[in-house]
Amino acid sequence: MKPQVSYWKYMPPELAELGFATPVGNSTPEPCIAIDLDSIHHNGNRPFSLPADGLALESKTTLVFYSDRSRHLLNDLPLSGHFEFFDRSASFSKQALQETLQRLFTGTDRSAETILHSIDDLIFVFSSEERLLWYHWPSNLPSPIDPITAIGSHLQRLPLPESLLQAIEQGFTAARSEEREHAIEITLEDGHRKRTFAFRTSLQPSTDGSLDRITLTGREITDLVEARTSLSNLTEELENSFLRAFELAFTDRTTGMPNKAALMQTLEMTMENHGDESLALLLLHVRNLSNIGNSTRFDTGDQILKTLADRLKNETNRQTFFARYGEDEFAIFMPGDMATEESARLLKLMEAPVKTDTMEFTISCTAGMAFFPEDATSMEPLVQSAEIALREASETGVEKVRTFSPEDRRRLTFAMLVETELLRPNITDEMSLVYQPIVDAVTRKIRYFEILLRWKSPTLGVVPPDIFISLAEKIGVIISLTNWMISQCSQVLHQLPEDICFSINLSPVHLLVPTLVDDIVSLIDRHNMRPERYKIEITEEVIIRDPVEATQRIRGLKDQGFTIALDDFGVGFSGLSYLGLLPVDSIKIDRSFLEHYPEDRRSSALVEAILTLTSSFNIESIAEGVEREDQIEQLKRLGCNMLQGFLLSRPLEESAMMAMFA
Ligand code: C2E
Ligand code: CA
Ligand code: CA
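In this report, the structure presented in the accompanying data block is examined. (Residues numbered from 1 in each chain as written. Chains lettered and ligands numbered in written order. Predicted model: local features only at pLDDT ≥ 70, side-chain atom pairs only at ≥ 80, totals over all residues. Heavy atoms only, no water.)

1. Notes on the overall build of the protein
From N to C terminus, the protein includes 23 helices and 25 strands. Here the protein holds 662 residues, and 46% of them are scored as buried. Summarising the internal contacts of the protein: among those between residues at least 6 apart in sequence, 62% fall at separations of at least 24. By element, 51% of the accessible surface of the protein is carried by carbon and sulfur atoms, the whole surface being about 33,900 Å². (Helix = DSSP H or I, 4+ residues; strand = E, 2+ residues; numbered from the N terminus. Buried < 20%, exposed > 50% of the residue type's maximum accessible area, 1.4 Å probe, protein only. Contact = heavy atoms within 4.5 Å. Areas by Shrake-Rupley, 256 points an atom, 1.4 Å probe, with all protein chains shown as cover.)

Written out as structure tokens, the structure is:
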């Protein structure tokens, strides 16, 4: 089928040469008509008026062909309308004609053309018989079709890429069906880039309702598609890195086990969905791991940890969840009914010796256990309860696996309150000192007073020293308390007879302070007191923990003139044998030995042994906790030098003590 153009009377030969055919009917959509003035002149048809037979000149462009012969007829053309002139006498170029036709067939006018030029979309307008009436091909996409031959051609004859043909055909099918609208995506290659177009079909029905024109618009969505692809790549990448981060966040690097965060998540989720079936959380502490880690090759600790982790990982019980909980702690989460048995078994499993490439290590563990829902109904309190139980187990050392009891929590809460109070800046305002006499066993004359701290808190009431002293040691407050105490008692001591001395308890943590000796000396100096009037009570514990430092400090004190007493003697871990090596002046037999003395054979044997030892080393012996007269007789007989106890005197307030010397 040829492209069509209407003409008046005679078809210009130039158009016929280009293959234009005569239009069929009047409703042809061709954009122009043609008039050959030479043919009019030749046929003598003059003057002419433009025909009224359907060629609406105003709305179309008229191609006017003429020559010198027919030039005069130009005057007969109507004034309005749009004309394109082709002067045969000036021999217009064939190309000019073709360009004009192309412009007319692919665009209505120049400005529309420039707008169209910038549009990257594909547009096709077809007649209901599937003939191409008009189209726009993006200027930046190589076009496969020739505009002059394409117009009027049937779809099947258009040299279009297969995918485009299919899209158009599907558009037709859709247009003819009920849906009337249709969208499809196609990709065209333009040599170096894949261009994607999204097609939409729309219809312009003619007035009688039959299909008239079908418009297919292919919106270029290449950028969108590219963005979509790179976005999906990006999302995939993000997803991967998120998974990696997720894995990292929930895995312990050293052991490859789930970590604490993973445990927390698991606990929370399990507890939420568990109803009230019992669950148990066991926290297992490897007691000697940090010591091993600190005293061997740097990676030995890790090797041991890995071995221990593997032991847990090899447990195939799917009801049990294992995690690394802390530096030297594991967490085990399991059904409550199996917990008691399992915890004992796992502890045993963990305590089997560990072989590394250098040596074999013995392992010692303790554990704390708490139950859901008995001890706690949510994750945090459950973990806290297990931690409290573990701490109790570690501190007391009595049980290997300790099950949480509410009493543990009360004690801990109280300890927390005590610590908070102790840290208050003017805490010594709530403190006072009491003085307990230590007398010569033979003469019953007072030789020393042991200075004891008392605390009456406005919020907590009277807090016994057994409780607050150890907490003050833990948080370091004991040092300032002791300094305050030394300063206070020095003022009192100043007023007492020269042969009376004060016995001061010095905490282990304080003994390890390097400036201790100078600090105490300058404190008592302020009250013009000499070191000879003070006995410093220390415990064995510190000597065992850090023998070198402790011995050095004790010597420092002795060099200044202080005397040294070893307090609570006999309860510690040391043997009696090393007593001779220490520069101590006195030992205080712990009051626990006096409780059933002398009737209990064991206590009696121990007291006897200590007294034999002290007299052979020429060390002063002090018996603490003397409550009965018969004890004094016995102690005296064995050569005990000094006595202290409720029988002789309870700790006294300052006024009561001063009254003794009035
Ligand atoms: P400790 O150093 O062994 O002090 C002697 C404890 O035995 C005192 O208890 C005293 O009241 C008690 N006691 C004395 N005679 C008897 C007796 O016949 N029977 C019984 N059952 N007990 C007797 P207190 O005052 O409760 O002190 C307890 C512990 O608190 C002291 O034990 C000491 O370790 C510590 N402490 C007290 N004051 C201070 C201090 O100023 N500094 C330091 N670091 N610790 C102190
Ligand atoms: Ca003492
Ligand atoms: Ca004591």
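Having seen the structure, we can now continue with the description.
2. Side note on the nonpolar core
Of all hydrophobic cores here, the largest spans 72 residues; its most connected members are Phe502 and Leu635. With eight residues, helix H15 (residues 478-493) is the largest single contributor of residues to this core. Every residue in contact with Leu635, bar those within four places of it in the chain, is listed here: Leu594, Tyr597, Val607, Leu611, Ala623, Val626, Cys640 and Leu643. (Core = buried A, V, L, I, M, F, W, Y, C linked by side-chain atoms within 4.5 Å.)

3. Remarks on the coordination of the calcium ion (ligand 2)
Looking at the calcium ion (ligand 2), the protein donor atoms are Glu450 (OE), Asn505 (OD1), Glu537 (OE) and Asp567 (OD), and they sit 2.1 to 2.3 Å from it. Read in sequence order, the donor residues for the calcium ion (ligand 2) give the motif E-x54-N-x31-E-x29-D. Here the calcium ion (ligand 3) and the calcium ion (ligand 2) are spaced 4.0 Å from one another, each receiving a donor from Asp567. With Asn505 in strand E20 (residues 501-505) and Asp567 in strand E22 (residues 563-569), this residue pair connects regions lying 62 residues apart in the sequence. (Donors = N, O, S within 2.8 Å, 3.2 Å for Na, K, Ca; no water.)

4. Some points on the sheet that holds strand E16 (residues 401-403)
Here we have five strands laid out as an open sheet, ordered E11-E12-E10-E15-E16, and mixed in their pairing. At either end of the open sheet lies a strand with only one pairing partner, and these are strand E11 (321-326) and E16. Going across the sheet, the axis of each strand differs from the next one's by a mean of 25°, ignoring polarity. Direction of pairing for strand E15 (residues 365-372) relative to E16: parallel, over a ladder of three bridges. Following the sheet pairing, Ala367 is matched in E16 by Val401. Sitting on the sheet, helix H10 (residues 300-313) is in contact with strand E10 (279-286), E11 and strand E12 (329-335), with an inclination near 5° to E12. With respect to the sheet, helix H11 (residues 339-351) is in contact with E10, E11, E12, E15 and E16, its orientation differing from that of E15 by roughly 155°. (Pairing = 2+ DSSP bridges. Axes fitted to C-alpha atoms, helices over the stretch in contact; angles between N-to-C directions.)

5. Some thoughts on the site of ligand 1
Neighbouring ligand 1 are 21 residues, the closest being Gln436, Arg454, Arg591, Glu627 and Phe646. Arg454 places a side-chain nitrogen or oxygen 3.0 Å from an oxygen atom of ligand 1. One of the backbone nitrogen or oxygen atoms of Phe646 is found 2.7 Å away from an oxygen atom of ligand 1. Taking 780 Å² as the accessible area of ligand 1 by itself, protein coverage stands at 86%. Only strand E18 (446-457), helix H14 (465-474) and E22 provide two or more residues apiece to the shell around ligand 1. Top contributing element to the shell around ligand 1 by residue count: E18, with four residues. Looking at the shell around ligand 1 residue by residue, the class counts come to eight nonpolar, five polar and eight charged. (Near = heavy atom within 4 Å. Polar contact = N/O pair within 3.5 Å; in protein donor to acceptor, adjacent residues only side chain to side chain. Nonpolar A, V, L, I, M, F, W, Y, C, P; charged D, E, K, R; others polar.)

6. Concerning the pairing of E10
The element E10 is extensively covered by neighbouring structure, given that eight of its eight residues are classed as buried. Of the two faces of E10, the one holding Leu279, Leu281, Leu283 and His285 and the one holding Ala280, Leu282, Leu284 and Val286 are both buried throughout. With seven bridges connecting them, E10 and E12 associate as antiparallel partners. Residue pairing across strands places Leu284 opposite Phe330, the latter belonging to E12.

7. What about the coordination of the calcium ion (ligand 3)?
At 2.1 to 2.6 Å from the calcium ion (ligand 3) lie its protein donor atoms, namely Asp567 (OD), Asp568 (OD), Glu624 (OE) and Glu624 (OE). A relative accessible area of 24% places Asp568 in the partly exposed class. Owing to a relative accessible area of 5%, Glu624 belongs among the buried residues under this scheme.

8. Observations regarding the packing of helix H17 (residues 516-525) against helix H19 (residues 547-560)
Interaxial distance between H17 and H19 falls to 9 Å at its minimum, and their mutual angle equals 30°. Between H17 and H19, the angle falls in the class roughly parallel. Classified by chirality, the crossing of H19 by H17 is right-handed. On the side of H17, the interface is formed by Leu516, Val517, Ile520 and Val521, while H19 contributes Arg553, Gly556, Leu557 and Gln560. Of the residues assigned to the contact of H17 with H19, the class counts are five nonpolar, two polar and one charged. (Parallel < 35°, antiparallel > 145°, perpendicular 65-115°, else oblique. Left-handed = near helix turned anticlockwise from the far one by under 90°.)

9. Section: the pairing of E20
Among the five residues in E20, four count as buried, and that is most of the element. With four bridges connecting them, E18 and E20 associate as parallel partners. Across the sheet, the residue bridging to Tyr448 is Cys501, located in E20. As paired strands, E20 and strand E21 (residues 534-539) are joined by four bridges and run parallel to one another. Its bridge partner lying in E21, Ser503 is registered against Lys535.

10. A word on unusual backbone geometry
Cis peptide bonds are those with omega within 30 degrees of zero, and the linkage from Phe372 to Pro373 qualifies with 0°. Structurally, Pro373 is set in the loop between E15 and helix H12 (379-396). With phi around 70°, Glu130 is a residue other than glycine that occupies positive phi space. Within the secondary structure, Glu130 sits in the loop between strand E5 (122-127) and strand E6 (132-136). In this model, Arg444 sits at a positive phi of 60°, which is unusual for a non-glycine residue. The topology assignment puts Arg444 in the loop between strand E17 (431-440) and E18.

11. Remarks on the packing of aromatic side chains
In total, this model carries 14 aromatic pairs according to the counting rule given. Counting every residue linked through ring pairs, the aromatic cluster contains Phe124, Phe126, Tyr135, Trp137 and Phe172. The positively charged end of Arg447 is found above the aromatic ring belonging to Tyr448, 5.7 Å away from the centroid. Here Arg650 stacks its cationic end above the ring of Phe646, 3.8 Å away from the centre of that ring. (Phe/Tyr/Trp six-rings, centres within 6.5 Å; stacked < 30°, edge-to-face > 60°. Lys NZ or Arg CZ within 6 Å of the ring centre and 35° of its normal.)

12. Some words on a nonpolar patch on the surface
On the surface, Leu231, Leu234 and Leu238 cluster together into a nonpolar patch covering about 290 Å² of accessible area. With respect to the helices and strands, Leu238 occurs in helix H7 (residues 222-250). (Patch = residues over 30% accessible without salt bridge, like charges linked within 9 Å, V, L, I, M, F, W, Y side chains within 5 Å. Salt bridge = Lys/Arg side-chain N within 4 Å of Asp/Glu carboxyl O.)

13. Observations concerning the environment of Thr62
If you trace the backbone, Thr62 turns up in strand E3 (residues 61-66). Using a relative accessible area of 0% as the deciding quantity, one classes Thr62 as buried. In this structure, the C-alpha to C-alpha distance between Thr62 and Tyr7, residues 55 residues apart in sequence, is 9.0 Å.

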